Amino acid sequence: MLRLEPRQTTSVQMQYATPVIAGVLTIVAGIILFSSLGVDPIEALYTFFVKPLTSVYGLGEWALKATPLLLCAIGLSVGFRGNVWNIGAEGQLTIGAVCGGGIALAFYGDEGPWLLPLMLLCGGLGGMLYGAIPAFLKNRFNANEILTSLMLVYVSIQILGYLVHGPWRDPDGYNFPESRLFDDYGLMPVLLAGTRLHLGVIIALVLTGVIWVFMSRSFQGYKVTVAGQAPAAAAYAGYSRKRVVLISFLISGFMAGLAGITEVSGAIGQLVPVVSPGYGFAAIIVAFLGRLHPVGIVFAAFLISLMYLGGEALQINMKLPLAVTGVFQGMLLFFVLGSEVLVRYRIKIGTQAREA
Amino acid sequence: MATSQLELKGITKRYPGVLANDSIDLSIQPGEVHALLGENGAGKSTLVKIIYGVVRADSGELRWKGEPISITSPNQARSLGIGMVFQHFNLFETLTVAENISLGIDADHDLKVLTSEIREISERYGLPINPHQHVHELSVGERQRVEIIRCLVQDPKLLIMDEPTSVLTPQEIAKLFETLKRLSSEGCSILYISHKLEEIQELCDHATVLRLGKVTATCTPRDETPKSLAEMMIGSELPVCKRTESAYSPDVRLALRGLAITSPDPHGTDLKGIDLEVRKGEVLGIAGVAGNGQKELLATINGEILSPRAEMIELNGEAVATSSPAARRDRGLGFVPEERLGRGAVPEMSLAFNALLTGNQKGMVSDKGFIDFAHMRDYATKVRERFDVRSDGIDAEAKSLSGGNLQKFIIGREIMFGPELLILGHPTWGVDVGAATTIHQAIVDLASGGTAVVVVSEDLDELFEICDSIAVIAEGRLSPIRATSDTDVEEIGRWMSGQFGEEDGADNHVAA
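Residues numbered from 1 in each chain as written. Chains lettered and ligands numbered in written order. Predicted model: local features only at pLDDT ≥ 70, side-chain atom pairs only at ≥ 80, totals over all residues.

## A few points about the overall build of chain B
Moving on, step 1. Along the backbone of chain B there are 16 helices and 21 strands.
Moving on, step 2. Computed over the C-alpha atoms, the radius of gyration of chain B is 24 Å, within 12% of the 24 Å expected from 2.2 N^0.38 for a compact globule of 512 residues.
Moving on, step 3. Projecting the C-alpha coordinates of chain B onto the three principal axes gives extents of approximately 70 × 55 × 40 Å.
Moving on, step 4. Within chain B, buried positions represent 47% of all 512 residues. (Helix = DSSP H or I, 4+ residues; strand = E, 2+ residues; numbered from the N terminus. Rg over C-alpha atoms; globule rule 2.2 N^0.38 Å. Buried ≥ 20, exposed ≤ 12 C-beta atoms within 10 Å, placed from the backbone.)

Next up, the structure:
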């Protein structure tokens, strides 16, 4: 049998070398995968990793897709450090889009420069209040937050669906289930001409810094960390568990809501039945891939974003099926996470006899 | 000289980062009671696990009755005639005594025959037990008897006992020793692991002393003094704890008034109307066998378990029994929990960050809620220096410290906040002798400075050494409180089994 045994010391060089090793392994495995499918492996790898980044537009898309991932993941990382499992960022993101987008529609034809800030604020607050529901259920009834937050995702999608099919449907939209296009005051300013890259990425990076400071320098952030690492120590010191649950959900909900409204007021420009291709779920992977550390999460967000772009490029340019890009994306994650584990653990073969 | 029952030569076992056993030699004669003595982490457990086949040695030789042998599993050890009574019992609560014993036997057997065998053994060795009783109904001492009988039905030639007395009252210990002496007189060898020196002197013929994985001495315990044995164990002279005049005063710092709670743990012990008062400068000891409500009492005083009525606990005259631990800390409570890693300290955090754990109300956090790093590090440094905490600086992770050093840090952290009342749970459990003395001295000094102190401990020697008064907790009730000078181990031991029927004595269930 195989066992994992913690290493006494984790080598610093190896920690920096893991991404490189994982990259090399992915390329090797990719060559095998693509060759066996009869596809030129070099071209496929180039299409996946490099081609999306060869144009200014591509670079813009890269950062654009990383933005909601980063916003959601950085918020989730707070809770994950405190052992609070918000799995419903996707739902908070959707409600953020609904609340912020609702503002844009409510003030349609009556807007000014104040509109966008108001939309952002309401989007964030909407996500935050939606995140407060599982926190309340957890604190009041000890309901498992993994289940409640996940179930609320599907509720939120129904709410959005109802609104764009019904009351918020564009009256001039030929019955398509879409809202009106937001007015210019309700759209994120584009940062780079010729791309869709908007102000959201700056907001995401600034808030990442804010949360970094919160977690590393504030006492409340310290309490969250203690609650996650040693719940009994937190109880001993008298830190309120309920408060940690609430704060974690409020922060991650706010960030996810913000991701939702930046997405609809940035990349999309209106409310549509599906505002996110699963950013809220992918953000869970991003958070752990980045080891719950802000810097790591920034890198992880860009990596996963590249995976989205590369996957699309493979499908479009190489005519590869969605399943193949999925397998390749899976292999990439497998190698990154696997080599990460092996830096901290060694594999032992054979069982150790234990007293029955 | 006769052939040894068991002989070890050059046994070496290396774990990642530590040499647990370094070429250990040991030999046990038939019928000999041999003590294995050493501080926590000296390598005792590893060595007996090697003998019992749980762990395999990297190198070295085992001889059983003169024959070289390799023991690869506990099954094989049992078939050779090696029995082991672990510190933590392996019994199924829902099965009867006979069924439990039957499960431990590898060969085919008949339960009825076994039951009569159990009866016979229990009479012959003075181990009263009813084979048809369910294990969940048994007291800790009775459970240990089941474990011993389980070994004895297999007619062992060598019995290994791992710290058997830590869960027993003095009276139960005396009974256990009669059994063990009887066994050895019939030719069964006993390997007895303990760090309680008086026991070893009373029971054992020879002793092998381990320190840091090596044999540092062999001796005949009866020819030594507890002091000399302790010095062999720690490898240096034993420091002594100096009592100072106690600063007794009538001010009541802590009062429990009819404290009664239901334990949140379904297997825990409810507290049933505990009354006590602790005064300024007093050290009160609370003795008791493990699992009699100590855990609940400590958690309730600290506020991790809230009581139904605020008046049940008074801190400096203020009713606080429904306040949070942080609020009680504000009113001068210091608390050292019984678990160090994970409760008293966060294992993965540095000592500096662990100073902040309870130090947030002591100026380590600014008004705006930010951590004052300079203050925090300064405090941790001071604790480390004053309490001689051996660590790789204040940035060392708590889990990297030895038990004794971490305990010194936690106690130091609580003491240097200047508490008016300090509560300690098992302050020297698993701590080496040197650190224990430092801790005792710190407690005594703190009390002479006017702090009221409550020490909950299973170690009677410790309580008699440092306390002004002693009480016993048994099944969630508190005995009368006696001045240490007015009581003795005999009386406290009797109380530990629940016999202090002050109130409605009929309710006092006693496991005889």
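From this point, things continue past the structure.
## Description of the overall build of chain A
Moving on, step 1. Helix and strand counts for chain A come out as 13 helices and 2 strands.
Moving on, step 2. Computed over the C-alpha atoms, the radius of gyration of chain A is 22 Å, within 12% of the 21 Å expected from 2.2 N^0.38 for a compact globule of 356 residues.
Moving on, step 3. Seen through its C-alpha atoms, chain A measures out along the principal axes to roughly 75 × 60 × 35 Å.
Moving on, step 4. The buried share of chain A, taken over its 356 residues, is 45%.

## A closer look at the nonpolar core
Moving on, step 1. Judged by nonpolar contacts, the single largest core of 179 residues is most densely connected at L69, C72, A73 and V286 of chain A.
Moving on, step 2. With 14 residues, helix α10 (residues 241–268) of chain A is the single largest residue contributor to this core.
Moving on, step 3. Apart from the residues within four sequence positions on either side, A73 of chain A is in contact with A283, V286, A287, G290, I297 and A301 of chain A.
Moving on, step 4. By size, the runner-up hydrophobic cluster in this structure holds 61 residues, among which are L176, L197, L203 and M233 of chain B. (Core = buried A, V, L, I, M, F, W, Y, C linked by C-beta atoms within 7 Å. Contact = placed C-beta atoms within 7 Å.)

## Looking at the packing of helix α4 (residues 89–106) of chain A against helix α11 (residues 279–289) of chain A
Between two packed helices, the angle of one axis relative to the other and the distance separating the axes together describe the packing.
Residue and element names in this part refer to chain A.
Moving on, step 1. Following both chains from N to C, one finds α4 and α11 inclined at 135 degrees, their axes separated by 6 Å at the closest point. As judged from the angle between their axes, α4 and α11 are oblique. Crossing of α4 over α11 shows right-handed handedness. Packed against α4, whose contacting residues are A89, E90, G91 and L93, the element α11 presents Y279, G280, F281 and A283 at the interface.
Moving on, step 2. Partitioned by chemical class, the residues of the contact of α4 with α11 number 5 nonpolar, 2 polar and 1 charged. (Axes fitted to C-alpha atoms, helices over the stretch in contact; angles between N-to-C directions. Parallel < 35°, antiparallel > 145°, perpendicular 65-115°, else oblique. Left-handed = near helix turned anticlockwise from the far one by under 90°. Nonpolar A, V, L, I, M, F, W, Y, C, P; charged D, E, K, R; others polar.)

## What about the sheet that holds strand β3 (residues 33–37) of chain B?
Residues and elements named next belong to chain B.
Moving on, step 1. With mixed pairing, the 6 strands of this open sheet are ordered in space as β6-β7-β8-β3-β9-β10. One side of each edge strand has no neighbouring strand; the edge strands of this open sheet are β6 (82–85) and β10 (214–219). Strand-to-strand twist in this sheet, taken as the mean axis angle between neighbours without regard to direction, amounts to 20 degrees.
Moving on, step 2. Of the strand pairs in this sheet, β3 and strand β8 (residues 189–194) are connected by 5 bridges, and their pairing is parallel. Note on β8: the bridge partner recorded for H34 is L191. (Pairing = 2+ DSSP bridges.)

## Focus on the pairing of strand β4 (residues 59–64) of chain B
Successive residues of a regular strand alternate their side chains across the two faces of the sheet.
All names here are of chain B.
Moving on, step 1. Note: strand β1 (residues 6–15) against β4, 5 bridges, orientation antiparallel. Bridge assignment links T12 to a residue of β4, and that residue is S59.
Moving on, step 2. Summarising the sheet, β4 and strand β5 (residues 67–69) pair through 3 bridges and their orientation is antiparallel. Bridge pairing in β5 links R63 to P68.
Moving on, step 3. Adjacent in sequence and paired antiparallel, β4 and β5 are bridged by 2 residues, among which K65 carries a positive phi angle near 50 degrees.

## Things to note about the domain arrangement of chain B
All names here are of chain B.
Moving on, step 1. As assigned here, chain B comprises domain 1 (6–234) and domain 2 (239–332 + 421–427 + 453–512).
Moving on, step 2. Just the C-alpha atoms count here: the centres of domain 1 and domain 2 sit 33 Å apart.
Moving on, step 3. When residues of the side of domain 1 that touches domain 2 are traced back to their parent elements, those giving at least two are α5 (140–152) and α6 (170–185).
Moving on, step 4. Here the element with the most residues in the side of domain 1 that touches domain 2 is α5; it accounts for 3 residues.
Moving on, step 5. By residue class, the composition of the side of domain 1 that touches domain 2 is 3 nonpolar, 5 polar and 1 charged. (Domains from an automatic or database assignment.)

## Things to note about the pairing of strand β18 (residues 452–456) of chain B
Residues and elements named next belong to chain B.
Moving on, step 1. Among the 5 residues in β18, 5 count as buried, and that is most of the element.
Moving on, step 2. Where burial is concerned, the two faces of β18 agree: the one with A452, V454 and V456 and the one with V453 and V455 are both buried.
Moving on, step 3. Two strands pair when backbone bridges link them, and strand β13 (residues 283–287) and β18 are joined in this way by 4 bridges, in the parallel orientation. Counterpart to V283 in the pairing with β18 is V453.
Moving on, step 4. Both strand β17 (residues 421–425) and β18 contribute to a ladder of 5 bridges, which runs parallel.

## Overview of the interface of chain A and chain B
Moving on, step 1. Across the contact, 18 residues belong to chain A and 31 residues belong to chain B.
Moving on, step 2. Every element with two or more residues in the side of chain A that touches chain B is listed here: α8 (219–229) and α9 (231–237) of chain A.
Moving on, step 3. Looking at the side of chain A that touches chain B residue by residue, the classes come out as 10 nonpolar, 5 polar and 3 charged.

## Examining the environment of L254 of chain B
Moving on, step 1. Inspection of the secondary structure assignment puts L254 of chain B in strand β11 (residues 252–261).
Moving on, step 2. For L254 of chain B, a count of 25 C-beta atoms within 10 Å puts it in the buried group.

## What about the confidence of the model for chain B?
All names here are of chain B.
Moving on, step 1. Averaged over all residues, the pLDDT of chain B equals 87, while 94% of them reach at least 70.
Moving on, step 2. Here helix α8 (residues 226–234) stands out as the element of chain B with the lowest mean pLDDT, 80, in contrast to strand β16 (residues 333–336), whose mean of 96 is the highest.
Moving on, step 3. Under a pLDDT of 50 for its full length, residues 503–512 has, in the predicted model, 12 contacts with residues more than four places off or in other chains.
Moving on, step 4. ipTM for the predicted complex: 0.83, alongside a pTM of 0.77. (pLDDT = per-residue confidence, 0-100.)

## Concerning helix α1 (residues 12–36) of chain A
All names here are of chain A.
Moving on, step 1. In this model α1 runs 37 Å from its N-terminal to its C-terminal C-alpha over 25 residues, within 8% of the 36 Å that 1.5 Å per residue would give.
Moving on, step 2. At T18, α1 shows its largest kink, close to 40 degrees, and the proline P19 lies no more than four residues downstream.
Moving on, step 3. Against the buried residues of α1 lie α2 (41–50) and α13 (322–344). (Expected span 1.5 Å × (residues − 1). Bend = angle between axes of the 7 residues up to and from the residue.)

## Comments concerning α4 of chain A
Structural remark: α-helix, 3.6 residues per turn; residues separated by three or four positions point the same way.
Moving on, step 1. Over its 18 residues, α4 of chain A runs 25 Å from end to end, which matches the ideal 26 Å to within 8%, given 1.5 Å per residue.
Moving on, step 2. Most of α4 of chain A sits out of view: 15 of its 18 residues are buried.

## Concerning the packing of α4 of chain A against helix α5 (residues 115–141) of chain A
All names here are of chain A.
Moving on, step 1. Direction vectors running N to C along α4 and α5 enclose 145 degrees, while the axes themselves pass 7 Å from each other. Relative to α5, α4 is oriented so that their crossing is right-handed. Side by side, α4 and α5 meet where G91, Q92, L93, I95, G96, A97, V98, C99, G100, I103 and A104 of the first sit next to L115, L118, M119, L120, C122, G123, G124, L125, G126, G127, Y130 and G131 of the second.
Moving on, step 2. Residue composition of the contact of α4 with α5, by class: 14 nonpolar, 9 polar and no charged.

## Some points on the sheet that holds strand β12 (residues 271–279) of chain B
Note on sheets: strands pair through backbone hydrogen bonds, and any given pair is parallel or antiparallel.
Residues and elements named next belong to chain B.
Moving on, step 1. Taken together, the 4 strands give an open sheet; going across it, the order is β12-β11-β14-β15, and neighbouring strands pair in antiparallel fashion. Unpaired on one side and paired on the other, β12 and β15 (318–319) mark the two borders of the sheet.
Moving on, step 2. With 2 bridges connecting them, strand β14 (residues 313–315) and β15 associate as antiparallel partners. Bridge pairing links E314 to A319 in β15.

## Here's the deal with unusual backbone geometry
Moving on, step 1. A positive phi is found at K319 of chain A, a non-glycine position, where the angle reads about 60 degrees.
Moving on, step 2. Structurally, K319 of chain A is set in the loop between α12 (294–317) and α13.
Moving on, step 3. Under the C-beta neighbour-count criterion, K319 of chain A is labelled exposed, with 8 such atoms within 10 Å.
Moving on, step 4. The phi angle at L212 of chain B is positive, at roughly 50 degrees, despite the residue not being glycine.

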